[in-house]
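If you want the building blocks of each chain, they are given just below.
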Amino acid sequence: GNCCFNTKLGRIIQEQGRPQLKSFDAVGWGTAKKPYCRGFTSEEFQALDFSKMDLSEYYMDIEARAQSQIQVDMQGKIDAYQQTIKQ
């Protein structure tokens with residue numbers, strides 16, 4: 001069984017948060033035929049301890065995105081500068 005999430009962060013918070021909550025103890029992720037994919041209630045979400053979660057996978061994505069954005073920005077500045085020199 002598979003549970004699908006809108007974002008990688010959403011999946012990570014589900015994976016790391018469920019073990020912290022008693023309401024998921026018995027069910028976990030369910031079974032292949034009957035996956036248990038519900039989200040957290042607001043009470044459950046407030047009970048999560050984010051300091052105990054490993055969000056490194058998410059941070060790596062942000063870092064990679066930032067790096068590629070910097071490269072795009074720099075290329076744009078270089079192109080613009082070269083245009084002004086040619087005139």
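Cut-offs used in this document
Residues numbered from 1 in each chain as written. Predicted model: local features only at pLDDT ≥ 70, side-chain atom pairs only at ≥ 80, totals over all residues. Heavy atoms only, no water. Salt bridge = Lys/Arg side-chain N within 4 Å of Asp/Glu carboxyl O. Helix = DSSP H or I, 4+ residues; strand = E, 2+ residues; numbered from the N terminus. Buried < 20%, exposed > 50% of the residue type's maximum accessible area, 1.4 Å probe, protein only. Patch = residues over 30% accessible without salt bridge, like charges linked within 9 Å, V, L, I, M, F, W, Y side chains within 5 Å. Areas by Shrake-Rupley, 256 points an atom, 1.4 Å probe, with all protein chains shown as cover. Phe/Tyr/Trp six-rings, centres within 6.5 Å; stacked < 30°, edge-to-face > 60°. Lys NZ or Arg CZ within 6 Å of the ring centre and 35° of its normal. Contact = heavy atoms within 4.5 Å. Axes fitted to C-alpha atoms, helices over the stretch in contact; angles between N-to-C directions. Parallel < 35°, antiparallel > 145°, perpendicular 65-115°, else oblique. Left-handed = near helix turned anticlockwise from the far one by under 90°. Nonpolar A, V, L, I, M, F, W, Y, C, P; charged D, E, K, R; others polar.

Engineer: Summarise the pattern of salt bridges; cite the residues concerned and give the values.
Structural biologist: Scanning the model with the defined rule gives 6 salt bridges in all. Taking the shortest distance from any N to any O, the salt bridge between E15 and R11 comes out at 3.0 Å. Taken together, the positions of E15 and R11, both in helix α1 (residues 8-17) and 4 residues apart, correspond to about one turn of that helix. You can call R11 partly exposed: its relative accessible area is 22%. Between R11 and E57 there is a salt bridge whose closest N-O contact spans 2.6 Å. Of the two residues, R11 is situated in helix α1 and E57 in helix α3 (residues 56-86); the sequence distance between them amounts to 46 residues. One network of salt bridges, in which partners are shared, links K8, R11, E15, E57 and D61.

Engineer: So, a nonpolar patch on the surface: which residues are in play, and what are the values?
Structural biologist: On the surface, I70, M74 and I78 cluster together into a nonpolar patch covering about 270 Å² of accessible area. With a relative accessible area of 39%, I78 lands in the partly exposed category.

Engineer: Give me the packing of aromatic side chains: which residues, what numbers.
Structural biologist: All told, the structure shown has 5 aromatic pairs when counted by the stated rule. Consider the rings of F5 and W29, whose centres lie 6.0 Å apart with planes at 80 degrees: the pair is edge-to-face. Of this pair, F5 sits in the segment before α1 while W29 sits in the loop between α1 and α2 (42-47); the two residues are 24 residues apart in sequence, bridging distant segments of the chain. The rings of F24, Y36 and F40 are connected pair by pair, giving a single aromatic cluster. R18 extends its terminal NZ or CZ atom over the ring of W29, reaching a point 3.9 Å from the ring centre.

Engineer: Outline α1, listing residues and values.
Structural biologist: Of the residues making up α1, those classed as buried are I12, I13, Q14 and G17. Those residues of α1 that are buried are in contact with α2 and α3.

Engineer: Residues and numbers for the packing of α1 against α3, please.
Structural biologist: The relative placement of two packed helices comes down to the angle between their axes together with the axis-to-axis distance. Two elements in contact, α1 and α3, have axes whose closest approach is 9 Å; the angle formed by their N-to-C orientations is 165 degrees. Considering the angle they form, α1 stands roughly antiparallel to α3. The two elements α1 and α3 cross, and the hand of that crossing is left-handed. On α3, the residues touching K8, L9, R11 and I12 of α1 are E57, Y58 and D61. Taken together, the residues that form the contact of α1 with α3 break down as 3 nonpolar, no polar and 4 charged.

What is shown is where atoms sit, not what they do.
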